[in-house]
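# An overview of the molecular structure
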Amino acid sequence: MNQSQPNSAMRTAWLMVMLLWPVALLNYLDRQMLATMKTSMVGDIADIASEANWGIVLGAFKWTYALLSPIGGYIADRFSRRLVITMSLFIWSAVTLGTGHVDTYYELVWARALMGVSEAFYYPAALALITDFHVGSTRSRAVGVHQTAIYVGAMMGVGAGYAADTPDFGWRLVFYLCGAIGMIYAIPLFLLLRNPARALDRPLNPPPLAAAGELLKNGAFLLLLLYFTLPSLAGWVVRDWMPPILKDRFDLTQGNAGLAAVIPWQLAALIGVVVGGWLADRWMQRNVRGRIYVSAIGMSLFLPALFGVGNSQTVLAAVLFLALFGFGWGFFDCNNMPILCQIARPELRATGYGLMNLVGISIGGFADWIFGSLQDRGVPLNVIFGVFAGIALLSVIVVLLIRPKAADVR
C-alpha cells in the first residue's frame, strides 16, 4: 500500500504535465504565427507602415503580458492554479479568434495587448503547479517536458506562414481556427486538472506588496531576476524577427523563411530542454548547484551562436548557428523555475515567476521596438548580435553568483 501511494502520486504528477502540454503548445503557436505571417498581414493592413510600428505590434503583447504576470502569479499562489490556468486559456483563445477580424494597425495593437493580458496568467500558474507536483528528482525533467510544447507550438507556427500565402486560406482563418481549438480544450482541461494539496503547516501567501517585498529582499532572487532578463533581449528578437531577417537577407519566400528561422532553433531547443532537464536532475543528486551549472553551460553556447547568426553569409550557416542557440536556450529554459524553487518558498513561486516575466518580457518588448528602429536606420546585423553575445557572457557570470543552500525550499 505504501509503495502504491508514491506510484499513484507520480502518475498524477505526470498527468498534470500532459494536460498542460497542449495549452503551452497553443500559447506559443498563437504567438509565433504572427512573426511567420508578417508579410501577409502588413500587405493586408496597410497603415502598419514601418518596421518600428511592427515592433510596437510585437511589443504591445509583451508589455501587457509582463505587467500582468506578477498579478497572475499572485492570484495563482493565493487561490486556485487550476482556475487561473483554464480561464487564461479560454480568454486568450477568444482574443486569438477575434484577431482574425482586425482591419487597422491600431486594432491589431489592441488585439495583441489583450492577448498579453490573458496569456499573462498562464505561465506562472502552470510552472508553479508542475513544480508543486514534481519534487526533487523529476522537477527539471517535468518542466523540460512541458517546455517542449513551446517549441512544438513555435514550429507549428511555421505552417501559418504557408497558410497565409495560400489564397484559399489566409492569415485570418489561421487565427479563427487556433482560437476555436483553445476555447474548446479549456472545457476538459477544467474538468481534469487538479490543484496541489497545500500543507497545513505552511503560511498563507502574504498580501501582494509583502509577497513582492519578501522576494525583492532576497539577493539570490534578484540575481535570478537579472539572469532571466538578460537573455530575453536576444531570445525575443530571434523569435520575432528572424523570419523576416532571413527573408530579406537571402531572398526567400515568406513560408521558406519561417521554416529556416523557426524549425532549427526550436527543434534544437526541444532537444535541449529534455537533455538539460535530465542532466540537471542528475547533477542535483551530487551538487546543490547542479541546475545552475547546467543553465550556465547552455548560456555559454549563446556566445558563438549569436556571433554566428550575425555574420552568416549563407542560409545553411544561419540555420546551424540558430540550432546551437536553440540547444543552449533549452538548457536555460528548463531550469529557471527549478532554480527559483531552491530560493523561494512554495507560496511565492508563481508570484516570483510573474515578477521575472514582468522584467524579462518588458525588456524583450523594448528589444523588439529598438531592433525595428535600428533596422530602419540600417545598423548592421553583426553589430547588433555582437552586443547580444556580450550580454550572454554577462549572464553566465550572473547565474554562477547564485548560491542556493538547499536542493529546494521546503
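All of these numbers come straight from a predicted model, not from anything done at the bench. (Residues numbered from 1 in each chain as written. Predicted model: local features only at pLDDT ≥ 70, side-chain atom pairs only at ≥ 80, totals over all residues. Heavy atoms only, no water.)

### Examining the packing of helix H7 (residues 139–165) against helix H11 (residues 254–284)
- It is at 8 Å that the axes of H7 and H11 come closest, and there the two elements cross at 175°. The orientation of H7 relative to H11 falls into the category roughly antiparallel.
- When grouped by side-chain class, the residues that make up the contact of H7 with H11 number 18 nonpolar, eleven polar and four charged. (Axes fitted to C-alpha atoms, helices over the stretch in contact; angles between N-to-C directions. Helix = DSSP H or I, 4+ residues; strand = E, 2+ residues; numbered from the N terminus. Parallel < 35°, antiparallel > 145°, perpendicular 65-115°, else oblique. Nonpolar A, V, L, I, M, F, W, Y, C, P; charged D, E, K, R; others polar.)

### A look at the environment of Cys178
- In this structure, Cys178 sits in helix H8 (residues 170–192).
- With 148 residues separating them along the chain, Cys178 and Asp30 place their C-alpha atoms 7.1 Å apart.
- Aside from chain neighbours lying at most four places away, what touches Cys178 is Leu26, Leu29, Asp30, Met33 and Thr96. (Contact = heavy atoms within 4.5 Å.)

### A few points about the pattern of salt bridges
- Under the defined criterion, the tally for this structure stands at eight salt bridges.
- In this structure, the salt-bridge partner of Arg81 is Asp77, at a minimum N-O distance of 3.0 Å. Taken as a pair, Arg81 and Asp77 share a single burial class, namely buried.
- Of the charged contacts, one joins Arg141 and Asp281 as a salt bridge, the two residues approaching to 3.1 Å between their closest N and O atoms. (Salt bridge = Lys/Arg side-chain N within 4 Å of Asp/Glu carboxyl O. Buried < 20%, exposed > 50% of the residue type's maximum accessible area, 1.4 Å probe, protein only.)

### Overview of the confidence of the model for the chain
- Scored by pLDDT, the chain comes out at a mean of 87, with 95% of its residues at no less than 70.
- Low confidence marks residues 1–5, where pLDDT is under 50. Its contacts with residues over four positions away, or in another chain, come to zero contacts. (pLDDT = per-residue confidence, 0-100.)

### Some points on a nonpolar patch on the surface
- Taken together, the side chains of Leu83, Met87, Phe90, Ile91, Ile187, Phe190, Leu191 and Leu192 make up a nonpolar region of the molecular surface, amounting to roughly 740 Å² of accessible area.
- Listed by contribution, the elements that provide at least two residues to the nonpolar patch are helix H4 (81–99) and H8.
- As for its position among the elements, Leu191 is in helix H8. (Patch = residues over 30% accessible without salt bridge, like charges linked within 9 Å, V, L, I, M, F, W, Y side chains within 5 Å. Areas by Shrake-Rupley, 256 points an atom, 1.4 Å probe, with all protein chains shown as cover.)

### Side note on the packing of aromatic side chains
- The full count for this structure, using the stated rule, is 20 aromatic pairs.
- The interplanar angle of 50° and the centroid separation of 5.0 Å between the aromatic rings of Phe327 and Phe331 together place this pair among those described as tilted. Of this pair, Phe327 and Phe331 are both found in helix H14 (residues 315–333), four residues apart, which corresponds to roughly one turn of the helix.
- A residue is classified by how much of its surface remains accessible, and Phe327, at 27% relative accessible area, is partly exposed.
- Ring plane angle 85° and centroid distance 5.5 Å describe the contact between Phe385 and Phe388, whose orientation is recorded as edge-to-face. Residue Phe385 and its partner Phe388 are located together in helix H17 (residues 381–400), separated by three residues, close to a single helical turn.
- Look at Phe388 and you get buried, because its relative accessible area is 10%.
- Aromatic ring contacts, followed pair by pair, group Tyr227, Phe228, Trp265, Phe302, Phe325, Trp329, Phe332 and Tyr353 into a single cluster.
- Above the ring of Phe190, the side-chain terminus of Arg82 is found at 4.1 Å from the ring centroid. (Phe/Tyr/Trp six-rings, centres within 6.5 Å; stacked < 30°, edge-to-face > 60°. Lys NZ or Arg CZ within 6 Å of the ring centre and 35° of its normal.)

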